[in-house]
Every structure is written in structure tokens, then in C-alpha cells.
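Here is what each chain is made of, one letter per residue.
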Amino acid sequence: MLRRRYLIRDEKGRVVETPERMLQRVARAMAGAEEISGGSAEARIWEKRFLSALSQGLFLPNSPTLMNAGRPLGQLSACFVLPVEDSLEGIFETVKQAAIIHKTGGGTGFDFSGLRPAGDQVASTGGISSGPVSFMQVFDTATEAIKQGGVRRGANMGILHVSHPDIELFIRAKTELDLFSNFNLSVMVTDEFMQKVRADRDWDLINPRNGSRVRKLKARGLFELMVESAHGAGEPGLVFFDALNRGNPTPALGRFNATNPCGEQPLLPYESCNLASLVLPRFVKGKQINYPALEEAAGLVVRFLDNALEVNRFPLPQVKKATRLTRKVGLGVMGFADLLIALNIPYESSRAAQVAQKVMKAINSAAREMSRDLARQRGSFPAFAKSVFPAQGETRMRNATVTTLAPTGALSLLMGCSAGIEPLFALSHKRRMLDDQLVNEVNPAFKARLAELGLDTLQNQKALAQSGLAASIAGLPFKDREVFKSAHEITAQGHMAIQRAFQLYTDNAVSKTVNLPARAPVKEVWQVFEQAHAMGLKGITVFRHGSRGRQVLELASLP
Ligand code: CDP
């Protein structure tokens, strides 16, 4: 994957960079920002520190930084949100901006709720409007054509407010009409809507052009549509407007109406954000977490990310302006499931949730501490005085946010660890590679444990390849079966408990999929959505196994 997607190639397409050189390039580019305040001697010191942490595999920055740092493109961010204006000029301007961002490896999120509904009047022509779902197809097609320079598929998040008149069409668009292969879809749901669902009341659909009520319908009917669609094909997800905005550090600058493509990063229009993830299993010493090392690394990476804001070549002037105003960065983790296995703790257990909280609290505090230190040297983010921080007793802060939990889809593969905070998908599975080849993978910790127990027999290997489950190994001790449970054996509540534990100490949001077995009934999705809201999560995504024809990870048999 490094060779195919990340390392530099010459004009003939031959790879001309080693992995070590790539890390040097990244470390040097980020240390470059230190020259401004500390001169070149200081820059060299930080280059060494960044390189050392990268070489030890303690963290990775988001993919665009690995691909573009120290290179002519120089665009370092994975996450963007662009505004969409209710005019033809505005819409196509945003299409163009998204294309520019995709070209550099960034992903874009959009709130389409400001667009007048399908069939509404257009004053300038006397005609009727096509509506958001129709215009989203233009974005989808443009994305398809760009494919992020051939190395990464363009990713979009399309969001529509639950009160938009076209909401039903939006919910159905992906699953029933098979549209939007380059989009994730989420409905922006409010507390008020959830109350009306609970009380079985009516819900108004409002034309955003003039605020008039177009129609009313049963809140539960609309909710059921989301539930059924998510049960059928994993879309849409929900984002909870009020929870997102309770966590908004700069409400005076605007409210969050959209997130980046995978939902973990709420942003204001034109903001971008750089993410990085600590590799949790690298911080285990003996059977314990080395907290001092974890905190030190968290501080170092926040410095790295703040430097990225200095040396970043922003793809649009509006993005530069909005991003530099709040200086958001998003430090997170990958390999949480591997960490638990190393500590011999089952994913679905109160101890796991405690570890999650403790780890994330330590990271968040160390990250804030570094942000305060940086503010002392470099100044607070320009919108600090208008932010929530002064009221919380803070006198300075370099970054409006410091933590985000990314999916780390490609990054976790590069690091050979479990993705983000997800449980193991399976102990053995086939992975669909870029070229469509299916490659068999067995979890190395499980293989080692089987060998230790004298259970790594040919027969067991076959059973494992068939089922992907620890439970298929005859004679495996109960504790090991618990510790090595995979995503589909963990209840929805078990998934959400971990999401919540991390969210408690994460400034931005958490990328998490609640996996459901193929046989999960529709009403389970209903319950999960309601519980997610009641728990104060910022969003929720479910994926019922086998509900999409083709997926990146495949089990030999359906659970
Ligand atoms: O691929 P990698 O592991 O670097 O990224 P990720 O942690 O899975 O995704 C983080 C963010 O990168 C997503 O939420 C998107 O904003 C962006 N992304 C993208 O734009 N295009 C992709 N193909 C994958 C991720």
C-alpha cells in the first residue's frame, strides 16, 4: 500500500522513495515551521524528535500529510467542510472547490439543507428547482471523475436537515435509487425531533427558502424510514445537531451543520482539519500502559499538527482564512482493540470502557497542555477571545480543538494494527485489495496465543479460516474466547459503550461503526439510534453484516 499510494514516483511512474525517506520528508516538512520562531537549529531538533516518533511507529498523520508534505502540492489536511449556497452559481462554485480539494487527497462534507426543495420556484427563470438530491448527483459525478489523482477515492459527506422537505427522497436515494457511490449520507437530527419521535407527534417539513411549512408528517414515520434504510444498507447515519453544537468551541463564529466524510470532524464552513493517530499497542510495557510515554507522544503530535497549520498549502484562500482562525487539530488513536488484547481485557466489558476513558483523558489533557504551551510561545488562535475558553477560565489556547477519533482505514493497515477504536473485524478474514484481489489475513496475536496453547493445528486453522471466529476453536479457554471476540459477536450496546467512553474526552467526534449481525431485526436499529441520542453521542452509524453486496472486509461465512 505504501508503494502504491504514498511513496513518490518519477515521471515514468516508478517508485523513487523508500519508507524511511518518506518519514524523513514528513518530519522535515513539519519541523520547518519551527524555523519561524526558533531558527534552523531549533528546527533540526524537532525534525529529529518527529522522525524518531514516526520511525518507532508511535503515530501517523492523516494520509494527505504522508503523501504531500515537503512536496509541491503541500496540502496536508484530510477533512474539509464547504458551504453550499442556494443558487446555481453557488452550487457550481462549490463543485469546483470540492474538485480542487479532492485532487489533493482531502475529503469534503456538505450541508445541502439550504437548497430549496425539488419543485420549488426559481424566480430568475420562472422554472422549478431540481432540489438537493439532484444537485448532489453533480457532486458525485465530479468526484467520480477525479478519484483523487488515482491514489485515493474521493470521499464526501452529504448532510440534510431532518426538517428539509426532500428528506424522504434523501434517505432513500442511496439505498433504493443506488445513487451516490462517492458519498456517505447523514441526516442532521435535532433533540426536538427525537422528542417528537418519543412522544409520537407530528413533524413539520420547512422550505429553507422562505421558512414556510410545506408538509407535516408523523415524526415516527420519518424516523422509521431512516431506521429501515440503515438496516437495509447501513445508510443514512445520524448526526445529532444539539450534541455537536454543545461541543462547539466557537459558537460565535457559527454553528456546526456538517462534518467531514466519515463523521468524526464537525467543522464550520471552509474549515479544514489535520488529524493524526497514536498507535496504542506501541505504548504497552509488560502488561501495562506506559502513560508517561503516551502523554509525551500526545504533546509531540499536537506540536506536529500545529506546525502543519503553518506549512500547509491550503487549497483555497477561504479555507486558509477559516482554518487559521480556529486552528483546529485532531489527535486520536488506532489499535485500541489490539491494546485490549495485549492487556487481556474483553472489548465488551466495563474494564474496556474504563481503559478507553483513561487513555483518552490522558491524551486529551496532554494535548491541551501542549496547546497552552504553544499559545504561550506562538499566541492563542485568533478567535480565542470569542470562544468558550475564557469562560472556562483558560487564558490561552493555541487550538480550538485538539482531539478527534479518525477511522484510520489505510493508516491502521500501514501500522499493522486494528482500526481506530473498532473491535477486530474477525480473527481471520479476506481483505479486498485495491486491485480487487482477496488476501487472507489471520490476527497475529490470536495466532501467537493459539501456538502458546498448543492449538495452532491444521484443523483449527481451517476452522478459523471458515468462520473467522475464536469460538470455532475447540478447547479454547473461556477467557480467550471473550478477549478475542470480533465485531459481530459484540452487542450494539457494547459498541456504543466504547464510543461513549472515548467521546467523553474527545473535543471533536468519534468515528465508530456499530456492527450488527445479518439477522438483526429492524427494531434493533431503532433502539440503537434512540440510545445513541440518549447517551449524548454526536452521531451514530450502523452496519448490518452482508447488507451491502460488496464490502472492503469479507468473512468466509455470514454470522
Ligand atoms: O485513509 P486514512 O487511514 O488516512 O484515513 P481515515 O482515518 O480512514 O479517514 C480520515 C478522513 O480522511 C476521512 O474522514 C475523510 O475526511 C478523509 N478521507 C478521504 O477524504 N478519502 C478517503 N478515501 C479516505 C479518507
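Residues numbered from 1 in each chain as written. Predicted model: local features only at pLDDT ≥ 70, side-chain atom pairs only at ≥ 80, totals over all residues. Heavy atoms only, no water.

1. Focus: the nonpolar core
If you look at the biggest cluster of nonpolar residues, it comprises 129 residues, and the most contacted ones within it are Phe193, Met226, Leu278, Phe336, Phe502, Phe529 and Ile540. Per-element tally for this core: the top contributor is helix H14 (residues 350–378), with 12 residues. Apart from the residues within four sequence positions on either side, Phe193 is in contact with Val162, Trp203, Ala219, Leu222, Phe223 and Met226. (Core = buried A, V, L, I, M, F, W, Y, C linked by side-chain atoms within 4.5 Å. Buried < 20%, exposed > 50% of the residue type's maximum accessible area, 1.4 Å probe, protein only. Helix = DSSP H or I, 4+ residues; strand = E, 2+ residues; numbered from the N terminus. Contact = heavy atoms within 4.5 Å.)

2. Topic: the packing of helix H2 (residues 19–31) against helix H3 (residues 34–55)
Running from N to C, H2 and H3 point in directions that differ by 150°, and their axes come no closer than 7 Å. Between H2 and H3, the interaxial angle falls into the category roughly antiparallel. Here H2 runs over H3; the crossing is right-handed. Across the interface between the two elements, Leu23, Gln24, Val26, Ala27, Arg28, Met30 and Ala31 from H2 touch Glu34, Glu35, Ala43, Trp46, Glu47, Phe50, Leu51, Leu54 and Ser55 from H3. Of the residues that constitute the contact of H2 with H3, the class distribution is 10 nonpolar, two polar and four charged. (Axes fitted to C-alpha atoms, helices over the stretch in contact; angles between N-to-C directions. Parallel < 35°, antiparallel > 145°, perpendicular 65-115°, else oblique. Left-handed = near helix turned anticlockwise from the far one by under 90°. Nonpolar A, V, L, I, M, F, W, Y, C, P; charged D, E, K, R; others polar.)

3. Some words on the site of the ligand
Close contacts around the ligand come from 19 residues, with Ser63, Asn260, Thr408, Gly409 and Ala410 the closest. The separation between an oxygen atom of the ligand and a polar side-chain atom of Glu264 is 2.9 Å. The protein chains hide 90% of the 520 Å² of surface that the ligand would expose on its own. By residue number, the principal contributor to the shell around the ligand is helix H15 (residues 409–415), which donates three residues. Within the shell around the ligand, the residues separate by chemical class into nine nonpolar, seven polar and three charged. Mapped onto the domain boundaries, the shell around the ligand takes at least three residues apiece from domain 1 (2–74 + 262–409) and domain 2 (79–259). (Near = heavy atom within 4 Å. Polar contact = N/O pair within 3.5 Å; in protein donor to acceptor, adjacent residues only side chain to side chain. Areas by Shrake-Rupley, 256 points an atom, 1.4 Å probe, with all protein chains shown as cover. Domains from an automatic or database assignment.)

4. A short note on the pattern of salt bridges
Scanning the model with the defined rule gives 31 salt bridges in all. The salt bridge partner of Arg378 is Glu34, with a shortest N-O separation of 3.1 Å. Within this pair, whereas Arg378 is found in helix H14, its partner Glu34 is found in helix H3, the two being separated by 344 residues in sequence. Taking relative accessible area as the criterion, Glu34 reaches 1% and is therefore assigned buried. In this structure, Lys447 and Asp456 form a salt bridge, with 3.4 Å as the shortest nitrogen-oxygen distance. The exposure class assigned to Lys447 is partly exposed, which follows from its relative accessible area of 37%. For Asp456, a relative accessible area of 27% gives the class partly exposed. One network of salt bridges, in which partners are shared, links Glu34, Arg303, Asp306, Glu310, Arg327, Arg378 and Arg398. (Salt bridge = Lys/Arg side-chain N within 4 Å of Asp/Glu carboxyl O.)

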